[in-house]
Amino acid sequence: MSNIPLPVQLLIGITKLGAERTSLPLDERRISSNRFMKFMDSFAGLKSPAVPEPDNSSFTSKAGHEIALRIFKPADINWPLPVWVYFHGGGFTIGSYDVRDNFCKRIADQASCVVVSVQYRLAPEHPFPEGLQDCYEATCWVSENAHTFGGDGSKLAVGGESAGGNFAAVVSLMARDKNGPKILHQTLLYPAVDCSGSAPSRREEDTDYLLTQNMLKQFGEAYLPAGVNRKDPYCSPVFADLTGLPPAVVITAEHDPLRDEGNRYAEKLKKAGVPVVHKEYPGMIHDFVLMMPRFLKESREAIDTVSKGLCLAFKEQPTALHKAKQFSTDIAAS
C-alpha cells in the first residue's frame, strides 16, 4: 500500500470495518451497500448546483416488467441534447440507479448532455442475461423516445463502472450485432469484461481492496449460475470480435482486481481499430473515480476525461480508424 494516497487508505480502512456485510442476507446487504454509496456520493462527490434534481420515469419492457429511469438534465441549455445512458455498478447484485446522483449531475453539467441512469434487474433473482437485456432495452427505448425529455436519440452514448462497465461494453456489442441504436461512444470505468476469472489481477494480494476476492466469487456465482459459459462474448466481451465498435474511454486502477481485464480490453479495442483513450491510474483502487472525487485529483481528472470524451464524440462522431490518434490527442490537449 506504499503508493496508495492517504484518503484512499482511509477508505480501505472504512470498508474493511464493514467487511462483515458480505455475510449479511442479500436484502440487508443491498440496503447497507446502497446507503454507503449514497453517503460517499454526497460526502465525497462533486456538487453541481446548477443541475436540477432528476426526474424519475419508467417504461414497460418487452417481458412486461417496468424498467425505471432517472433522468438528469443540465440547466439553461438549448434542447435537444445528446444522451448518455448510464449503468450503475454493484457486482450485478447490488447498487441502484439513484446512488450516484452527484456523479450523474456532474457529467450532465460538464458534457452538456442528458444523463439517463437505468435500474436494471439484479442477480441472483435475475441472472445473466436478464439485467443485460434491461440495459439494452433501455438504450433502445432512449434512442426512440429521447425527444420526450429533451434528448436527441441520434446522439447516444453508454457508460458505467464495474458491472455497469460490462453492460456498457456488451450493449455496444449488441447494438452492432442486432443493427440496433447507433452508439457514438462507450465509457468504461474499471469494467468487469472477463467473467471467466482468468485475469491474474483478480488473484493478487495487492488488489484485494474494496472489491475483494470473496466479493468477486459471490458476485460471479450470483450472476452466472452453473452451466453458463463464462466466455460468452455477451458475458465476457473481452472474448468478442471488437471490430466496428464505438470509440471508448477506458479507466483502470493499479490496485483493482479488474485491472488486467480492463487493460486487455482497451488493447483489444485498439487492435480492432477502435479509437481508445485509456489510462491506468497508479495507486488507485476499485471505484476510485466515483467514491472520492472531492478529495482525489485523480478522480477529478478521470471525470474530466469522461466528460471530454463525450463532448468530442457528440461533436465529431469519430468512428474511422484514421481518427483514432486524433481522438486521443484531442482529449489530451483539451
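Residues numbered from 1 in each chain as written. Predicted model: local features only at pLDDT ≥ 70, side-chain atom pairs only at ≥ 80, totals over all residues. Heavy atoms only, no water.

**Quick word on empty space enclosed by the protein**
Here the structure, examined in full by the defined rule, presents two cavities of 30 Å³ or more. If you add up the space inside the largest cavity, you get close to 40 Å³. Lining the largest cavity are Asp41, Gly45, Leu46, Asn102, Phe103, Arg106, Val289, Leu290, Pro293 and Ile303. Looking at the lining of the largest cavity, the elements that each hand over two or more residues are α3 (101–111) and α8 (288–291). Among the elements that line the lining of the largest cavity, the one with the most residues is α3, at three residues. Considering only residue class, the lining of the largest cavity consists of six nonpolar, two polar and two charged. (1 Å grid on protein atoms, 1.4 Å probe; cavity = no way out; pocket = protein on both sides within 12 Å on 5 of 7 lines; lining within 4 Å. Points joined across faces, edges and corners; volume = space filled by probe spheres on them. Helix = DSSP H or I, 4+ residues; strand = E, 2+ residues; numbered from the N terminus. Nonpolar A, V, L, I, M, F, W, Y, C, P; charged D, E, K, R; others polar.)

**Notes on helix α7 (residues 259–271)**
Taking 1.5 Å as the rise per residue, α7 with 13 residues should run 18 Å; its terminal C-alpha atoms sit 19 Å apart, in good agreement. By the burial criterion, the buried members of α7 are Arg259, Glu261, Gly262, Asn263, Tyr265, Ala266 and Leu269. In this structure, the buried side of α7 is in contact with α5 (163–177), β6 (183–189), β7 (248–255) and β8 (276–285). Downstream of α7 by a residue or two, glycine 273 has a phi angle that is positive, lying close to 90°. (Expected span 1.5 Å × (residues − 1). Buried < 20%, exposed > 50% of the residue type's maximum accessible area, 1.4 Å probe, protein only. Contact = heavy atoms within 4.5 Å.)

**Thoughts on the pairing of β6**
In summary, the side chains of a regular strand alternate between the two faces of the sheet. The element β6 is largely enclosed, with a buried count of seven among its seven residues. Regarding the hand of the β-α-β motif, the stretch spanning strand β5 (residues 151–161), α5 and β6 is right-handed. Note: β6 against β7, four bridges, orientation parallel. Across the sheet, residue leucine 189 finds its bridge partner in β7, namely isoleucine 251. (Right-handed = clockwise from strand over helix to strand, strands pointing away. Pairing = 2+ DSSP bridges.)

**Thoughts on the pattern of salt bridges**
Counted by the stated rule, this structure contains 17 salt bridges. Between lysine 217 and glutamate 221 there is a salt bridge, and its shortest N-O distance comes to 2.8 Å. Of the two residues, lysine 217 and glutamate 221 both sit in helix α6 (residues 213–223), four residues apart, roughly one turn of that helix. With its nearest N and O atoms 2.8 Å apart, the salt bridge here joins lysine 279 to glutamate 301. Highlighted residues: lysine 279 in strand β8 and glutamate 301 in helix α9 (residues 297–316), separated in sequence by 22 residues. (Salt bridge = Lys/Arg side-chain N within 4 Å of Asp/Glu carboxyl O.)

**A short note on unusual backbone geometry**
In this model, alanine 123 is joined to proline 124 through a cis peptide bond whose omega is 5°. As for its placement among the helices and strands, proline 124 is situated in the loop between β4 (114–119) and α4 (130–145). Cis geometry marks the peptide bond from phenylalanine 128 to proline 129; its omega dihedral reads 5°. Turning to its location among the elements, proline 129 is positioned in the loop between β4 and α4. Of note in the backbone geometry, phenylalanine 92 takes a positive phi value of approximately 70° without being a glycine. A positive phi angle, close to 35°, is found at tyrosine 190, a residue other than glycine. Looking at where tyrosine 190 falls in the secondary structure, it is placed in the loop between β6 and α6. Judged by relative accessible area, tyrosine 190 falls into the buried class, the value being 0%.

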